[in-house]
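Residue strings, one per chain:
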Amino acid sequence: MSLSKIAQIDRRYLYVVLFILVSIPLLSPLKLPLPISAQTRRVYDFTNALPAGSIVIESFDFSPASITENKPQAKAHIFHAKELGLKVVALAFWSTGATIGESIMKEVYGSDFPNVAGYGTNVVYLGYVAGNEVGMQTFGDDTSTAKSVDHYGTDVSTLPLMQQCEDAADFDLWAEWTAGDPGINQVIQFVQGRHGGPSAVPIVSGATAVSVPGMMPYYNTGQIIGILNGLAGAGEYEYLVNVAYPVYPYTQGPSLDAQSVGHLLIIAFVIIGNIGYVISKYRGGKGS
Amino acid sequence: MIPPVGQIPPEFSLLAAIFGVFITIFIYSFLWKENPLSRAVEHLFIGLAAVFTLASMYEAAASTAYWGTEKISGGNLLWIIPILISLMYFFFFSKKYFYLYRYPVAIVAGIMAGMMICGMVQSNFLAQIQATVKLPLIGAEAKWDTWPPTGLNNIIIIIGVITVLTFFFFTWEHKGPLGVSTKIGRYFLMATFGAAYGSTVMARMSLFIGRLRFLYETSYEDWFWAWYLIPIAVLCIIIVALWERSRPKPPPPAPVTAKPAPAEAPPPKPTEEETAKPASPAAKPAAAKPARKRKSNG
């Protein structure tokens, strides 16, 4: 079969090849080397440098569609925060994120969450905060106005942690796990921008890979301290946490191997497709 | 071990895993060919999403405005005002009172415009300009002795910002030095789109890997593995696809043809004035267009 014919091959054959090649590393991990990106390193280092007792906002702004990327990011970061003795206030500005967020909290703090030691003093789960951008801005201005009860119906005025976390001036770090809007753009505009900028409300974020290029200008300006880039960022952060706390499992290795194989395959497809295109154009065809 | 998903009680874990396998395979069968099972799963997803959103919004509204010491249940009747305003959205469905629907829309649009202007100007405009102006090109911060040099990156950023801005400058024709600048700006934009496309591929690949790991790794009490069900799900798709193929196909829609003028109403006779004037091109009778041939996607 000539290259020009290969360029016009039925896409379903490509799906089959992709399925087979991506499955191999998942069934038998290749254990490829894992370089840690500067963006991930900055999230880890900044979190690590926070003194015990600092208040971290963990915002689950994603849906089941991006659970593969966002959930391991958020889970590893919350575990890291817990081990460092940071106080975690978790919430979601996406209604779909509230349910996933609760499952993450249960995985990190125990299946009995919220009936665990330290609930109300070291950790609080507020659940879904309605209002999108308006909800975010209200939460930054006055947390109890945005959500007067936690996810389980307890009045926040009775929770000691929420007495220490009244507005954005009390946030030592905002960790934004996002798959769209409202997400990182809105946190920067309506919380960080209104309350003193990056030095007053530092932000780290874990995002779906598709949205990271749009976040890079914020990263370059320092409005975002660091970014976990999709599944790769989740794997890198998991690896760093696993090195510091071996009890936390590094589970994303096979996924990253599979992703590398998948990317190589797509690069090969693109090269072959372009060679076929050039050949067919050179021979006087339409080239499409 | 079945990973916990939301609020699924343990006694339904096996059912959830079985359901998850079938749903995953059915939705991916769309890549082979659209079939009744893939369509059914799409509809299921949309229905579930709609119901979930409705329930979440109702719960959020109740907890924001009704339940609480300072809310309606605590005697603070001021919260009735936003509830009434939000209920005015439902006048969208009334022809007679449709104008009332415009009030909540106007309020929300006004609030959002005010908020966005302040937020955007600060975070997306002033902060970005400040950061670009302050980029170090010389000195210790430029780090020319490392690879890649920070100074070089900063020069590329500055060139990119200026040339891309000139690309969107339409006062003068893009010729001469401006033409060169816009051309470079176009290459920067293409590189940005390429990066965005690459990231999109990466994100989609991640989702695919997530589903594959679900299929390969989900188990229940050491006797059930999710991948046992993959061949059964594939068999279901093949059976349904064959059944659909065997069904009699509906007749193709009749081609649209121009209707002949009714015989009972002959065209009015031209008056003397009209007969004297030469017929304008616009007055030419429209020829019946042949029915457009539909393009096949395949």
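Whatever comes next refers back to the structure up there.
Keep in mind that what you see is a predicted model, and the values were worked out from it rather than measured. (Residues numbered from 1 in each chain as written. Chains lettered and ligands numbered in written order. Predicted model: local features only at pLDDT ≥ 70, side-chain atom pairs only at ≥ 80, totals over all residues. Heavy atoms only, no water.)

## Looking at the overall build of chain B
Reasoning step 1: Counting its regular elements, chain B contains eight helices and two strands.
Reasoning step 2: In chain B, the succession of helices and strands from N to C terminus is α-α-α-α-α-α-β-β-α-α.
Reasoning step 3: The buried share among the 298 residues of chain B stands at 23%.
Reasoning step 4: Carbon together with sulfur atoms contributes 71% to the accessible area of chain B, which is approximately 22800 Å² in total. (Helix = DSSP H or I, 4+ residues; strand = E, 2+ residues; numbered from the N terminus. Buried < 20%, exposed > 50% of the residue type's maximum accessible area, 1.4 Å probe, protein only. Areas by Shrake-Rupley, 256 points an atom, 1.4 Å probe, with all protein chains shown as cover.)

## Overview of the overall build of chain A
Reasoning step 1: Of regular secondary structure, chain A possesses 12 helices and six strands.
Reasoning step 2: For the C-alpha atoms alone, the extent of chain A along its principal axes is close to 75 × 40 × 30 Å.
Reasoning step 3: Split into buried and exposed, the 288 residues of chain A put 53% on the buried side.
Reasoning step 4: For chain A, the exposed surface amounts to about 11500 Å²; the carbon and sulfur share of it is 58%.

## Structural notes on unusual backbone geometry
All names here are of chain A.
Reasoning step 1: Geometrically, the link from Phe 113 to Pro 114 is a cis peptide bond, its omega value of 15° lying close to zero.
Reasoning step 2: Examined against the element boundaries, Pro 114 turns out to sit in the loop between α5 (95-109) and β3 (123-128).
Reasoning step 3: Cis geometry is adopted by the peptide bond preceding Pro 182, which originates at Asp 181 and carries an omega value of -5°.
Reasoning step 4: Note that Pro 182 resides in the loop between β4 (173-178) and α9 (184-192).
Reasoning step 5: Phi at Asn 132 is positive, roughly 50°, even though this residue is not glycine.
Reasoning step 6: Checked against the element boundaries, Asn 132 lands in helix α6 (residues 132-141).

## Quick word on the interface of chain B and chain A
The figure often quoted for interface size is the accessible area lost as the parts come together.
Reasoning step 1: Opposite the 39 residues of chain B that make contact, chain A presents 52 residues.
Reasoning step 2: For the chain B and chain A pair, buried surface summed over both sides reaches about 3900 Å², with 66% attributable to carbon and sulfur atoms.
Reasoning step 3: Linking chain B to chain A there are zero salt bridges.
Reasoning step 4: Between the two partners, chain B and chain A, sit 10 residue pairs in polar contact (both at pLDDT 80 or more).
Reasoning step 5: Sorting elements by how many residues they give to the side of chain B that touches chain A places helix α6 (residues 176-217) of chain B first, with 16 residues.
Reasoning step 6: Of the residues assigned to the side of chain B that touches chain A, the class counts are 23 nonpolar, 14 polar and two charged. (Contact = heavy atoms within 4.5 Å. Buried area = accessible area lost by both parts, 1.4 Å probe. Salt bridge = Lys/Arg side-chain N within 4 Å of Asp/Glu carboxyl O. Polar contact = N/O pair within 3.5 Å; in protein donor to acceptor, adjacent residues only side chain to side chain. Nonpolar A, V, L, I, M, F, W, Y, C, P; charged D, E, K, R; others polar.)

## Notes on the nonpolar core
Reasoning step 1: By size, the foremost hydrophobic cluster in this structure holds 72 residues, and its most contacted members are A:Ile57, A:Phe60, A:Val89, A:Met105, A:Phe139 and A:Trp174.
Reasoning step 2: For this core, the element with the most residues is α5(A), which contributes six residues.
Reasoning step 3: Judged by nonpolar contacts, the second largest core, of 34 residues, contains A:Ala258, B:Phe26, B:Ile209 and B:Ala233. (Core = buried A, V, L, I, M, F, W, Y, C linked by side-chain atoms within 4.5 Å.)

## Focus: the side chain of A:Ser66
Reasoning step 1: For A:Ser66, the location among the structural elements is in the loop between β1 (55-61) and α4 (67-83).
Reasoning step 2: For A:Ser66, a relative accessible area of 5% corresponds to the buried category.
Reasoning step 3: Filtering out sequence-adjacent residues up to four positions away, A:Ser66 remains in contact with A:Lys71, A:Ala179, A:Thr208 and B:Leu207.

## Describing the pairing of strand β5 (residues 203-207) of chain A
All names here are of chain A.
Reasoning step 1: Along β5, five of the five residues are buried, which leaves the element largely enclosed by surrounding structure.
Reasoning step 2: Going residue by residue along β5, you find Ile 203, Ser 205 and Ala 207 tucked away on one face and Val 204 and Gly 206 tucked away on the opposite face as well.
Reasoning step 3: Strand direction decides the pairing type here: β4 and β5, joined by five bridges, are parallel. When the sheet's bridge partners are listed, Trp 174 is paired in β5 with Ile 203.
Reasoning step 4: Traced from β4 through α9 to β5, the parallel crossover comes out right-handed.
Reasoning step 5: As paired elements, β5 and strand β6 (residues 226-229) share four bridges and run parallel to each other. Among the inter-strand pairings, Ala 207 is bridged to a residue of β6, identified as Asn 229.
Reasoning step 6: Handedness of the crossover is the feature at issue here: the chain leaves β5, passes through helix α10 (residues 212-221), returns alongside β6, and the resulting connection is right-handed. (Pairing = 2+ DSSP bridges. Right-handed = clockwise from strand over helix to strand, strands pointing away.)

## A word on the packing of aromatic side chains
What describes a pair of aromatic rings is the distance from one ring centre to the other and the angle between the planes of the rings.
Residues and elements named next belong to chain A.
Reasoning step 1: Applying the stated criterion across every chain, the model contains 29 aromatic pairs over all chains.
Reasoning step 2: A ring pair is formed by Phe 60 and Phe 62, whose centres lie 6.5 Å apart and whose planes are at 85°; its orientation type is edge-to-face.
Reasoning step 3: Assessed through its relative accessible area of 0%, Phe 60 is described here as buried.
Reasoning step 4: Over the aromatic face of Tyr 109 sits the side chain of Lys 82, whose NZ or CZ is 5.6 Å from the ring centroid. (Phe/Tyr/Trp six-rings, centres within 6.5 Å; stacked < 30°, edge-to-face > 60°. Lys NZ or Arg CZ within 6 Å of the ring centre and 35° of its normal.)

## Examining the pattern of salt bridges
Reasoning step 1: Summed over all chains, the structure comprises eight salt bridges over all chains.
Reasoning step 2: One salt bridge connects A:Asp10 with A:Arg12, and the closest N-O pair in it is separated by 3.1 Å.
Reasoning step 3: Judged by relative accessible area, which is 28%, A:Asp10 ranks as partly exposed.
Reasoning step 4: Given a relative accessible area of 31%, A:Arg12 falls into the partly exposed group.
Reasoning step 5: B:Glu34 is paired through a salt bridge with B:Arg39; the nearest N and O atoms lie 3.6 Å apart.
Reasoning step 6: Judged by relative accessible area, B:Arg39 falls into the partly exposed class, the value being 28%.
Reasoning step 7: One connected set of salt bridges, linked through shared partners, spans A:Lys71, A:Lys75 and A:Glu107.

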